[in-house]
Amino acid sequence: MNAPVLVINCGSSSIKYALVPSAPDQPRLAGLAERLGSGGDARLKGIDSRGESFSQALGEADHTRALEAILDRLERHRPVAVGHRIVHGGERFTRAALIDDDVVAAIEQTSALAPLHNPANLEGVAATRRLFPDLPQVAVFDTAFHQTLPARAYRYALPEALYRDHAIRRYGFHGTSHAYVSRRADALSGLEGGGWLTAHLGNGCSTCAVWQGRSLDTSMGLTPLEGVAMGTRSGDVDPGLHAHLSRQLGWSLERIDEVLNRNSGLLGLSGLTNDMRELEAAESQGHPGAALTLEVFCYRIAKSLAALSCALPRLDGLVFTGGIGENSAPVRERVIALLPHFGLQLNRTVNSETVRGREGRIDAGGRQLWVIPTDEEGQIANETRQRLQEISA
Ligand code: ADP
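The sections below set out a description of the structure shown in this document. As the structure is a computational prediction, the values presented were derived from the model and not from experiment. (Residues numbered from 1 in each chain as written. Predicted model: local features only at pLDDT ≥ 70, side-chain atom pairs only at ≥ 80, totals over all residues. Heavy atoms only, no water.)

Our next topic: the site of the ligand. The immediate surroundings of the ligand are formed by 13 residues, with Asn-203, Asp-275, Met-276, Gly-323 and Asn-327 found nearest. One of the side-chain N or O atoms of Asp-275 is found 2.6 Å from an oxygen atom in the ligand. Between the ligand and Met-276 there is a distance of 2.9 Å, counted from an oxygen atom to a backbone nitrogen or oxygen. Its free accessible area being 580 Å², the ligand has 68% of it covered by the protein chains. Listing elements by their share of the shell around the ligand, those giving two or more residues are α10 (276-284) and α12 (322-327). By residue number, the principal contributor to the shell around the ligand is α12, which donates 4 residues. Looking at side-chain class alone, the shell around the ligand contains 2 nonpolar, 8 polar and 3 charged residues. (Near = heavy atom within 4 Å. Polar contact = N/O pair within 3.5 Å; in protein donor to acceptor, adjacent residues only side chain to side chain. Areas by Shrake-Rupley, 256 points an atom, 1.4 Å probe, with all protein chains shown as cover. Helix = DSSP H or I, 4+ residues; strand = E, 2+ residues; numbered from the N terminus. Nonpolar A, V, L, I, M, F, W, Y, C, P; charged D, E, K, R; others polar.)

Laid out in structure tokens, this is it:
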């Protein structure tokens, strides 16, 4: 299938889109509609077919109106299918699925596990199905790549009934990104089916152990809050913290949730910002909070990678991706320095030159070290194409 796939990532008040052509060298039309359904100042920004950026006021737009505006922006380019990013596929979805009423109902049933994300994703599905009734639509799940985790990695040490009756287990997220960069590392290294530790470090951060193209363990769990520290999310805390904050400080569950998800991580620790560029600048000016924040952030990533190495029969190398992983040479250098027993040798010159979305091998021997820009839209488009080809075969 050679024609483009429209990739939609629909949040509660925003829609990210990309029209992904089949040939990697062709340009992508892409953009973001923001402030939808918030009464008056919705806006669509993006890149048009001449490669120029645009910004268009949408007034009081909802998701359907924004999708109509996106359709106009595609000009003469017509997609042959739509691929939707869906955050949570529970245990039901182990791979991408052609969307029909049954699949929509199953995603709805999974919404209890991702109450902020799945309903918003489904709003995009409903609006897109109305606007493109004749186009095949495919759901691509953040969780599906991690459905290969063995039980020892996905079960919590909790009463069995919580798993059996309420699906409480570790699911993992960022699956499209870990899948993309580990496959790319296989291709670039010539090690088909290598053992990789991947670190997706963006606003959300997670790590993953991939062996022969399969995820064997990952840092995120039931929700995207577990694991390493992130922009505003705490990552792992003592599970006793919730009871302590409730009993000692009288905090409500909503407040605890809000603090752990939105006021913690880089932002909470530093008291400054969740933006890594600003933190690195503040550290270089001697800000002690910024220095501690960077230390904690990198230490937790290294600790997580060391823990995940237990999942791999053999470790071939590490892959960094995401806005921080692709751009911050200092973060990569610190994480690598914290893993002396892994036999890693960093090429500091190449590391410092590998920024701004460039692929690069940054080791100087020993196990391989890669920086690989993630391409979640490309991965969603590929999985959409693959699913449709299998169905039509
Ligand atoms: P999201 O997870 O929302 O997709 P990104 O993957 O774009 O986010 O990552 C955002 C993070 O990347 C921010 O912390 C930002 O500061 C960081 N980042 C972007 N560019 C750089 C840079 N040149 N140096 C250090 N950090 C960077």
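In the case of a regular strand, side chains alternate between the two sheet surfaces. Among the 6 residues in strand β6 (residues 81-86), 5 count as buried, and that is most of the element. In this structure, strand β1 (residues 5-10) lies alongside β6, joined through 4 bridges in parallel fashion. If you follow Leu-6 over to β6, its bridge partner there is Val-82. The sheet contact formed by β6 and strand β8 (residues 137-141) spans 5 bridges and is parallel. (Buried < 20%, exposed > 50% of the residue type's maximum accessible area, 1.4 Å probe, protein only. Pairing = 2+ DSSP bridges.)

Turning to the sheet that holds strand β3 (residues 29-34), a few remarks are in order. Judged by pairing direction, the sheet is mixed, and its 8 strands sit side by side in the order β5-β4-β3-β2-β1-β6-β8-β7 without closing on themselves. What marks the edges here is a single partner per strand, and that holds for β5 (53-59) and β7 (97-98). The pairing of strand β4 (residues 42-47) with β5 spans 6 bridges and is antiparallel. Across the sheet, the residue bridging to Arg-43 is Ala-57, located in β5. Sheet strands touched by helix α1 (residues 63-73): β1, β2 (15-20), β3, β4 and β5. Its angle to β5, the strand with the most contacts, is close to 150°. Contacting β1, β2, β6, β7 and β8, helix α15 (residues 376-392) runs over the sheet at an angle of about 120° to β6. (Contact = heavy atoms within 4.5 Å. Axes fitted to C-alpha atoms, helices over the stretch in contact; angles between N-to-C directions.)

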